[in-house]
Amino acid sequence: MKTLLGRRARFLAAITATAGAVLVAGCTSSGSGGAGKSAAGGVDLVKAGQITTCTHLPYPPFQSEINGKVQGFDVSLIDLVAKDLGVKQQILDTPFENFKTGAFLNSGECDVAAAGMTITPERKKNVDFSDPYFDATQAVLVDKKSGVSSLADLKAKGRKLGAQAQTTGEDYARKQGFDPISFESSDAVINGLRTGQVQAVIIDYPVVQGWLKDKANADAFKVVDNLNTGEQYGFTVKKGNKKLLAAVNKAIAGAKADGTYKKLYEQWIGPYTPSVASPSAS
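Small disclaimer: the values here were computed from a predicted structure and weren't measured. (Residues numbered from 1 in each chain as written. Predicted model: local features only at pLDDT ≥ 70, side-chain atom pairs only at ≥ 80, totals over all residues. Heavy atoms only, no water.)

**A closer look at the state of the cysteines**
Thought 1: Under the defined criterion, the tally for this structure stands at one disulfide.
Thought 2: Linked covalently through their sulfurs, C54 and C110 form a disulfide whose S-S length is 1.9 Å. For the disulfide bridge between C54 and C110, the dihedral angle about the S-S bond is near 60°, and by the sign convention the bridge is right-handed. In this pair, C54 sits in strand β5 (residues 50-55) while C110 sits in the loop between α3 (103-106) and β9 (112-113), placing the two residues 56 residues apart along the sequence.
Thought 3: For C54, a relative accessible area of 2% gives the class buried.
Thought 4: Taking the relative accessible area as the measure of exposure, C110 reaches 3% and is therefore buried. (Disulfide = S-S within 2.5 Å. Helix = DSSP H or I, 4+ residues; strand = E, 2+ residues; numbered from the N terminus. Buried < 20%, exposed > 50% of the residue type's maximum accessible area, 1.4 Å probe, protein only.)

Take a look at the structure:
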């Protein structure tokens, strides 16, 4: 299984919160035990004047680098949190496996993690999740020339299946009796399909939606299964960081109430339905 442990984490261009926002309030003790800074509402942050977001790139349409800036649905939602707190968002690219353990939150390197991450009981043991902000399904994408018509057909024909390492898509494949080839990122998963390393992949449907917007991709590949696995995405904070968690939940609720969520959903993901805005608790 491939991992990104050797990958050097890097800070990437942040997206600036609305102009005129008040930056730092006073200095206080951070949740990580260091000298942190307090933002609006007494929320402790790792660094003054910014909310530091851990993510894992690329994962379009939720976060990816576009024209030198990290942009996407997740980024835009956390920008709303930053605006409410009167700070800017700064993004740190980190290995995905750290999101399951909360390592970068616990070490005080990040305030929040936003990585299109599914809420699971296992992950809840290590981090505190926000309210669900997105209902996700898994898609089975195949090469049109493969002759594969479904996940069951893929298994019957003994074809190779790919998935992103450490994800619920990979977990689902294993539960269905597959031994999937693991790739380190969503881009690598898609490239594995394109280059014939695998004949099908399981990956989050919004990622597939974005990829199939390209006519060349749509001409060569197709979705043969859309698996409703009951998954919902949430943002995470360090366990016990109740003030920041409340600020994240407030921003999500506000965006759904005032139409901002709908606008961002249509911008980054696609057609919007009212049911999207009111996911049941995970």
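What follows continues from the structure just given.
**Comments concerning the packing of helix α1 (residues 73-85) against helix α11 (residues 260-268)**
Thought 1: Two elements in contact, α1 and α11, have axes whose closest approach is 9 Å; the angle formed by their N-to-C orientations is 155°. Compared by their axis directions, α1 and α11 come out roughly antiparallel. The chirality of how α1 crosses α11 is right-handed. Taking contact as the criterion, the partners of F73, S76, L77 and L80 in α1 are, on α11, T260, Y261, L264, Y265 and W268.
Thought 2: Grouping the amino acids of the contact of α1 with α11 by side-chain chemistry returns seven nonpolar, two polar and no charged. (Axes fitted to C-alpha atoms, helices over the stretch in contact; angles between N-to-C directions. Parallel < 35°, antiparallel > 145°, perpendicular 65-115°, else oblique. Left-handed = near helix turned anticlockwise from the far one by under 90°. Contact = heavy atoms within 4.5 Å. Nonpolar A, V, L, I, M, F, W, Y, C, P; charged D, E, K, R; others polar.)

**Focus: the packing of aromatic side chains**
Thought 1: Evaluation of the coordinates by the stated rule reveals 15 aromatic pairs.
Thought 2: Pairing Y59 with F62 gives two aromatic rings, centres 5.6 Å apart and planes at 20°, and the pair type is stacked.
Thought 3: Overall, the relative accessible area of 7% leaves Y59 in the buried class.
Thought 4: Judged by its relative accessible area of 0%, F62 is buried. (Phe/Tyr/Trp six-rings, centres within 6.5 Å; stacked < 30°, edge-to-face > 60°.)

**What to know about the nonpolar core**
A general tendency of soluble globular proteins is for nonpolar side chains to be buried together.
Thought 1: I51, F73, L85, F134 and F235 are the most contacted members of the largest nonpolar core, which has 47 residues in total.
Thought 2: At the level of secondary structure, the elements contributing two or more residues to this core comprise α1, β11 (134-143), α7 (186-194), β14 (200-204), α8 (205-211), β15 (221-233), α10 (242-258) and α11.
Thought 3: Counting residues per element, this core draws most heavily on α10, which supplies seven residues.
Thought 4: C110, M117, I119 and F129 belong to the second-largest nonpolar core, a separate cluster that totals 13 residues. (Core = buried A, V, L, I, M, F, W, Y, C linked by side-chain atoms within 4.5 Å.)

Any functional reading would require information that these geometric values do not contain.
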